[in-house]
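Residue-level structure breakdown
Given next are the chains, with one letter for each unit.
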Amino acid sequence: MYRIIERQDLTPTIKLMKVVAPAIARKAQAGQFIILRLHGHAERIPLTVADYDRDGGTITIVFQIVGKSTEELATLKEGDSILNFAGPLGEPSEIDNYGTVVCIGGGVGVAPIFPITRALRQAGNRIISIIGARSADLLFYESEMRSVSDRLQVVTDDGSKGQQGLVTDALGEILKSGAQVDLVFAIGPVPMMRAVAELTKKHAIRTIVSLNPVMVDGTGMCGGCRVSVGGTSKFACVDGPDFDAHQVDFEELQMRQRTYRKEEQAANEHYHQCACGRG
Amino acid sequence: MAEEVTGRNAMPVQDPKARVKNFHEVALGYTKEQALLEGARCRQCKKKPCSNGCPVGVDIPAFIALVKEGDFLGAAQKIKESNNLPAICGRVCPQEEQCEKHCILGKKHEPVAIGRLERFVADYERTAGPAAGSSGAVPTGKKVAVVGSGPSGLTVAADLTKLGYQVTVFEALHDPGGVLVYGIPEFRLPKEIVRAEIANVSKLGAEVLVDSVIGKIQSVDELLADGFEAVYVGTGAGLPNFMNIPGESLSGVYSANEFLTRTNLMKAYLFPDYDTPIKVGKRVAVIGGGNVAMDSARCALRLGAAEVCIVYRRSGQEMPARREEAEHAIEEGVHLNLLTSPVRIIGNSDGWVEALECIRFELGEPDESGRRRPVKIAGSEFTIPMDTVIMAIGNSPNPLISKTTPDLQTGRHGVLVADPATGATTKQGVYAGGDIVTGAATVISAMGAGKRAAAAIDRYLMRERSALISSTKPS
Ligand SMILES: Cc1cc2nc3c(=O)[nH]c(=O)nc-3n(C[C@H](O)[C@H](O)[C@H](O)COP(=O)(O)OP(=O)(O)OC[C@H]3O[C@@H](n4cnc5c(N)ncnc54)[C@H](O)[C@@H]3O)c2cc1C
Ligand SMILES: Cc1cc2nc3c(=O)[nH]c(=O)nc-3n(C[C@H](O)[C@H](O)[C@H](O)COP(=O)(O)OP(=O)(O)OC[C@H]3O[C@@H](n4cnc5c(N)ncnc54)[C@H](O)[C@@H]3O)c2cc1C
Ligand code: FES
């Protein structure tokens, strides 16, 4: 059992939890993820390591409520426990001194981009960060991101905070201004990562994205997480989750993510019918 | 009993029409009376040809002699001298290729049903026998790490714990058991039996840690530096192969591992009571002809598919599945599309499987394996409507350990190189066995490798200890 020692509501639908998992905390690196299982009937869900505390022995996860499992996870309070918590899984992000790096986080993707941005800064890169959300109340981690960036740009769809528009609008302006950009790192919804990739491809700037296909085991055993990268099939849980954005078949990824849409709805309805949940 | 008993005693099974609607065990096992009758058929051959056919050399005539006397607990103990997991092996071993193949009764009649008797005495012991306890062995004060909790790792853990070692088993998934829990379905091997066997290993004193992916949370070198004096790698062959044909990324295409893991480990057949979903359309094709293919096909039927067909490149004789499983699958209504192989999977505009295009084969000249090589018949392509395609064309070793342990030598397809007699790898103190060394094989061979490695690890660690004792002893 893995105890939750801290819980924060970052936005109405995005929650942060610090979980006691000392062995994972000793090893976790930026870009890796964990797989958790709430209880004996639960599914295995992957969540990125949003932070780790090696001395304190904790892993921080930040998740958005999108369906049954994340909603149920959000019912847990400080002091509650999670049955299974395995990691750190996946390959760490490749951290190096590239020069100037633009780090982009969209929606809940701001959480996983944070440790990567921090590591890239520590490696000596100049960091321009762009974080985006639909509106001001859905934005989080602004000060965290500011603390590890040379420049931070905030964008919201409705203009309620920062510049109005999409993260790609902000990125477009940076690129148009002729600034030297050596690498772009983008994490967020698939359409966002895809739009970033299309834009940077035109400018021939190397771009890394972190992919989130449906996973089961997270150890390379089922192949359910396969994605097409550069025309070959990769298992995102062991070969990724970071990949060269210009090689990724986003269309296929989006289709595969929709595989269980009907079942996910059914699971949600079932959960709300037994409103008692499963304490 | 002097009179000739020609046929073996049939084992009661669930009716095929009823069983395709449930996940309960298909074969129901002998009653006491049936076991006594079947045991009486054994001729007690002095040369024990059956035992020679057993990969771990169970003294079969001796255990059957005890069955004849009605001493079922004694019979179970006799088997356990060389096989720790008889309730499992009695259910899943390919006996027709092993012990039963050598039974002299089989020359004229049917061989003694050794597997069914093994299963009977193991089940008898589990329900009527004394509860397992701690090993009571004198502690050696030495720690051994076992990576992977499949049959191979569990065997090493049990044997070394009995010899007084402090054993920790590290398992990547949330439930121990390896293929026994995530691959082989409930209707063939009830999970309660696997859990009971694992509980026995724990009662002996071994510690089983789940959620522990070695290579990620700790490397083999870190285990060795952490006080483990030997490491046994029994990580299996868990990496699913695909065919690399067009359409394999469509929704509705599964590896058998994913399909079976969702069904068995995650209990998707109880969705939405269990959270993990699975999709089985009306028409399901399973590519392959082994146990994994049969298990997938039979799960698909139970999950509600209307038509399930096996698509296999060679002929029926060459199907590597256990005979009983193939027979059960056919009884349940699985169709065989033999001498056939897929060339591409066709999808609709939403990215879902819609049809499967296949090509026919004929048998040509024998290949290296002595089996007649299937040859494509030009122009024989045909397309069948399909909702789900399951790839059961084999698994390779997972590279996680070899990638993170640089001085472990690997061979063809990424298997670990290990001495077949001892399991010793190219790295001192590290042993390996089971599917990670042989490639996908059988439960009993994985256990056999575990037995040999446990003995070798004991020799290795005791030699060290006796060297230590003799060097500190005053002369
Ligand atoms: C490597 C990786 C890292 C991730 N990191 C984060 C993170 O840090 N924060 C966060 O909020 N989300 C993250 N996700 C996504 C998160 O796993 C899903 O939102 C979650 O599993 C949804 O479960 P649900 O039951 O609440 O929703 P559901 O209703 O079941 O599904 C909603 C959507 O989530 C996706 N999904 C469903 N099941 C899975 C699954 N088993 N594996 C992956 N995706 C699934 C599907 O695209 C689905 O359409 C990550 C995914 C991956 C693969
Ligand atoms: C569907 C199916 C049906 C089968 N049917 C039969 C049958 O009827 N009869 C028969 O004899 N054989 C059958 N087999 C084959 C048999 O199950 C295997 O040969 C046997 O299980 C191999 O045992 P093992 O201990 O080597 O590995 P496995 O059983 O594969 O166990 C390996 C374990 O190691 C874990 N692991 C892997 N990597 C790591 C890591 N890095 N850290 C920690 N843990 C790790 C895995 O999660 C797994 O639990 C079948 C196989 C399948 C897939
Ligand atoms: S999640 Fe199963 S192989 Fe990646």
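Calculation notes
Residues numbered from 1 in each chain as written. Chains lettered and ligands numbered in written order. Predicted model: local features only at pLDDT ≥ 70, side-chain atom pairs only at ≥ 80, totals over all residues. Heavy atoms only, no water. Domains from an automatic or database assignment. Contact = heavy atoms within 4.5 Å. Buried area = accessible area lost by both parts, 1.4 Å probe. Salt bridge = Lys/Arg side-chain N within 4 Å of Asp/Glu carboxyl O. Polar contact = N/O pair within 3.5 Å; in protein donor to acceptor, adjacent residues only side chain to side chain. Helix = DSSP H or I, 4+ residues; strand = E, 2+ residues; numbered from the N terminus. Nonpolar A, V, L, I, M, F, W, Y, C, P; charged D, E, K, R; others polar. Near = heavy atom within 4 Å. Areas by Shrake-Rupley, 256 points an atom, 1.4 Å probe, with all protein chains shown as cover. pLDDT = per-residue confidence, 0-100. Pairing = 2+ DSSP bridges. Axes fitted to C-alpha atoms, helices over the stretch in contact; angles between N-to-C directions. Buried < 20%, exposed > 50% of the residue type's maximum accessible area, 1.4 Å probe, protein only.

Quick look at the domain arrangement of chain A now. Interfaces are often sized by the accessible area lost when the parts come together. Residues and elements named next belong to chain A. Per the domain assignment, the segments making up chain A are domain 1 (2-89) and domain 2 (100-257). Every contact between the two is made by 22 residues of domain 1 and, on the other side, 19 residues of domain 2. Between domain 1 and domain 2, roughly 1,600 Å² of surface is buried when both sides are summed, and carbon and sulfur atoms account for 66% of that area. Counting the contacts that link domain 1 with domain 2 gives 1 salt bridge. Ionic pairing is found between Asp51 and Arg118, a salt bridge with its closest N-O pair at 2.8 Å.

Our focus in this paragraph is the interface of chain B and chain A. Contacts between the two partners involve 43 residues from chain B and, on the opposite side, 47 residues from chain A. Surface buried jointly by chain B and chain A totals about 3,700 Å² across both partners, of which 53% is contributed by carbon and sulfur atoms. Ranking the residues of chain B by area buried against chain A places Asp211(B), Lys216(B) and Asp275(B) at the top, with a combined share of 19%. Summed over the shared surface of chain B and chain A, the result is 4 salt bridges. Here chain B is connected to chain A by 24 residue pairs in polar contact (both at pLDDT 80 or more). Going through the elements one at a time, strand S5 (239-240), strand S6 (253-255) and helix H13 (256-265) of chain B are the ones with two or more residues in the side of chain B that touches chain A. The element contributing the most residues to the side of chain B that touches chain A is H13(B), with 4 residues. Residue composition of the side of chain B that touches chain A, by class: 19 nonpolar, 13 polar and 11 charged.

Residues and elements named next belong to chain B. With respect to spatial proximity, 36 residues lie near ligand 2, and among them Val92, Glu171, Arg188, Ile214 and Asp435 are the closest. Note that an oxygen atom of ligand 2 is positioned 3.3 Å from one of the backbone N or O atoms of Thr442. Coverage of ligand 2 by the protein amounts to 95% of the 1,000 Å² it exposes when considered alone. Looking at the shell around ligand 2, the elements with two or more residues in it are helix H9 (151-162), helix H14 (291-302), helix H16 (400-404) and helix H18 (443-472). It is H14 that contributes the most residues to the shell around ligand 2, 3 residues altogether. Of the residues that constitute the shell around ligand 2, the class distribution is 18 nonpolar, 13 polar and 5 charged. Residue contributions to the shell around ligand 2 reach at least three from each of two domains, namely domain 2 (143-238 + 396-472) and domain 3 (242-393).

In this section: the site of ligand 1. All names here are of chain A. In the region of ligand 1, 22 residues are neighbours, and Pro46, Thr48, Gln64, Ser69 and Thr70 sit closest. Separating an oxygen atom of ligand 1 from a backbone N or O atom of Pro46 is a distance of 2.6 Å. Between Glu264 and ligand 1, the recorded distance is 3.1 Å, taken from a side-chain N or O atom to an oxygen atom. Taking 850 Å² as the accessible area of ligand 1 by itself, protein coverage stands at 87%. Listed by contribution, the elements that provide at least two residues to the shell around ligand 1 are strand S4 (45-48), strand S6 (58-64) and helix H2 (68-74). Counting residues per element, the shell around ligand 1 draws most heavily on S4, which supplies 4 residues. Taken together, the residues of the shell around ligand 1 break down into 11 nonpolar, 7 polar and 4 charged. Shared between two domains, the shell around ligand 1 holds at least three residues of each, these being domain 1 (2-89) and domain 2 (100-257).

The next subject is the side chain of Thr117(A). All names here are of chain A. With respect to the helices and strands, the residue Thr117 is situated in helix H3 (residues 110-122). Of the polar contacts made by the side chain of Thr117, one reaches the backbone oxygen of Ile113; its length is 2.6 Å. Beyond its immediate stretch of four places on either side in the chain, Thr117 contacts Cys103, Ile127, Ser129, Met145, Val148 and Ser149.

To continue, consider the confidence of the model for chain B. All names here are of chain B. Summing up the model confidence of chain B, the mean pLDDT is 92 and the portion of residues at 70 or higher is 96%. Looking at the elements of chain B, mean pLDDT is at its lowest for H18, recorded as 83, and at its highest for strand S1 (residues 143-147), recorded as 98. Per the prediction output, this complex has pTM 0.93; the corresponding ipTM is 0.92.

Let's shift gears to the sheet that holds strand S2 (residues 166-170) of chain B. Residue and element names in this part refer to chain B. With parallel pairing, 5 strands are arranged side by side in an open sheet as S3-S2-S1-S4-S16. Unpaired on one side and paired on the other, strand S3 (207-209) and strand S16 (430-432) mark the two borders of the sheet. The sheet shows a mean angle of 20° between the axes of neighbouring strands, direction not considered. Here 5 bridges tie S1 to strand S4 (residues 228-233), and the two strands are oriented parallel to one another. Residue Val144 lies in a different strand from S4, and its bridge partner there is Ala230.

One pass over the structure, following the stated rule, counts 42 salt bridges over all chains. One salt bridge in this structure joins Lys216(B) and Glu91(A), with 3.7 Å as the shortest N-O distance. In this pair, Lys216(B) is assigned in the loop between S3 and helix H12 (220-225) and Glu91(A) in the loop between strand S8 (84-89) and strand S9 (100-106), connecting two distinct chains. Overall, Lys216(B) belongs to the buried group, its relative accessible area being 13%. Among the salt bridges present, the one from Glu25(B) reaches Arg91(B), with a minimum N-O distance of 2.7 Å. Of this pair, Glu25(B) sits in the loop between helix H1 (16-19) and helix H2 (32-40) while Arg91(B) sits in helix H6 (residues 86-92); the two residues are 66 residues apart in sequence, bridging distant segments of the chain. The buried category is assigned to Glu25(B), whose relative accessible area is 17%. Residue Arg91(B) is classed as buried on the basis of its relative accessible area of 6%. Via salt bridges that share partners, Arg19(B), Arg188(B), Asp295(B), Arg298(B), Arg302(B), Arg322(B), Glu324(B), Glu325(B), Glu331(B) and Glu332(B) belong to a single interconnected network.

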